[in-house]
Amino acid sequence: METKAISGYSIYNPEVKRRTKLNPLEEIYPALPTATYDIIYADPPWDYNGKMQFDKSSIKTENIGFEKNIFISSATFKYPTLKLPELKALDVKAIAAADSLLFMWTTGPQMAYAIELGQAWGFAYKTIAFVWDKMVHNPGRYTLSQTELCLVFKKGRIPSPRGARNIRQLIHVPRGKHSEKPAEVIDGITKMFPTQNKIELFARKNYNGWDNWGLEIPNSKIEINSREINQNGLQSTLFEDSL
């Protein structure tokens, strides 16, 4: 009788089922606020079709007989992920002011989906607002993965009055916990639009000056206290008049 070959996936399939985070709600989403917002900041829980990240410990020649534990990581272990049609169903149009901006995080593999999602929510894609150099890399199929992108979309006109116009596009901040985004970005957006109504979607922190919405929002408010952004960063092109 032929013995089935052992692989990293076959070893960890039971563990994957155990560790996958599920939405605790009967509905996909909690109710959105009834207010409208000039600035919407979102880090969607992108679904990667169950793809898992391994390191060299999953290579048979590196880990003979898989005697050592295999490093394994997946977004579904950290939070409930959603597919694109489910994200599109969120009625962001209802909370977007006539003149508003959407700042949305994405990764390289989800770039096309992010633009499609922003359009489905009633916005037009404009540019890359922030490039986050995480200062460490992950294995990639093409080049080593080291950055994440925050795109900006516009509905109507750019909200006014405007605040700071010297916020840098490129930020260098070491990667923290899985999916945790640097405070420098929400701090920069706050400085650009200090007086506007602002909301963070899929929030897992509770910043002063912002409303928020999501499944994991702490009760206590925190001040935005970002580190100094490296002055060698690229100059942001976010607020060119042509946009």
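As a starting point, this report considers the structure included with it. Quantities reported herein were computed from a predicted structural model and do not represent experimental measurements. Note that residues are indexed from 1 along each chain, following the sequence as it is written. At least 70 in pLDDT is required for a residue's local features to be given in this predicted model, at least 80 for side-chain atom pairs to be given and counted, and no such filter applies to totals for whole chains, interfaces and linings, which use all residues. Heavy atoms from the whole structure form the basis of all side-chain values; hydrogens and water molecules are not counted.

Some details on the environment of isoleucine 199
Strands are runs of DSSP state E lasting at least two residues, helices are runs of H or I lasting at least four, and both sets are numbered from the N terminus onward. Locating isoleucine 199 in the fold gives a position in strand β8 (residues 198-201). When a residue's accessible area, from a 1.4 Å probe over protein chains only, is under 20% of the maximum for its type it is buried; when over 50% it is exposed; and in between it is partly exposed. Residue isoleucine 199 is classed as buried on the basis of its relative accessible area of 0%. Isoleucine 199 sits 157 residues away from alanine 42 along the chain, and the two C-alpha atoms are 8.5 Å apart. The contact rule is simple, with two residues in contact once any of their heavy atoms fall within 4.5 Å. Sequence-distant contacts of isoleucine 199, defined by excluding residues within four places in its chain, comprise Pro33, Tyr37, Ile39, Ile40, Tyr41, Ile95, Trp210, Asp211, Asn212 and Trp213.

Points about the nonpolar core
By convention a nonpolar core is built from buried Ala, Val, Leu, Ile, Met, Phe, Trp, Tyr and Cys residues, the set being connected through side-chain atoms within 4.5 Å. Ile40, Trp121, Leu201 and Phe202 are the most contacted members of the largest nonpolar core, which totals 27 residues. Put simply, the parts of the chain that give this core at least two residues each are β1 (37-42), α2 (84-88), β4 (96-106), α3 (111-120), β6 (145-155) and β8. Excluding residues that lie within four positions of it along the chain, leucine 201 makes contacts with Leu32, Ile40, Tyr41, Ala42, Asp43, Val92, Ile95 and Trp213. Ile39, Ala129, Ile167 and Ile186 belong to the second largest nonpolar core, which has 21 residues in total.

Some remarks on the side chain of glutamate 148
For glutamate 148, the location among the structural elements is in strand β6. Polar contacts, as used here, are pairs of N or O atoms within 3.5 Å; protein pairs need one atom able to donate a hydrogen and one able to accept it. Residues neighboring in sequence count only if both atoms are side-chain atoms. At a separation of 3.2 Å, a polar atom in the side chain of glutamate 148 contacts the side chain of lysine 134. Apart from residues no more than four positions distant in its own chain, glutamate 148 is found in contact with Trp105, Thr106, Thr107, Phe130, Val131, Trp132, Lys134 and Lys181.

A look at the sheet that holds strand β5 (residues 124-138)
In space, the seven strands of this open sheet follow the order β7-β5-β6-β4-β1-β8-β9, with mixed pairing throughout. Looking at strand neighbours, the two that pair on one side only are β7 (170-172) and β9 (211-213), the edges of this open sheet. Within this sheet the neighbouring strands show an average axis-to-axis angle of 20 degrees, counted without direction. Looking at chain direction, β5 and β7 are connected through three bridges and run parallel. Note on β7: the bridge partner recorded for valine 131 is leucine 170. Against the sheet, α3 engages β4, β5 and β6, with an angle of about 20 degrees to β6. Axes, fitted as lines to C-alpha atoms, cover a helix only where it is in contact. Angles between the N-to-C directions of the axes lie from 0 to 180 degrees. Packed on one face of the sheet, helix α4 (residues 183-192) meets β1, β4, β5, β6, β7 and β8 and runs near 170 degrees to β1. Pairing between strands is defined by DSSP: at least two bridges between them are needed.

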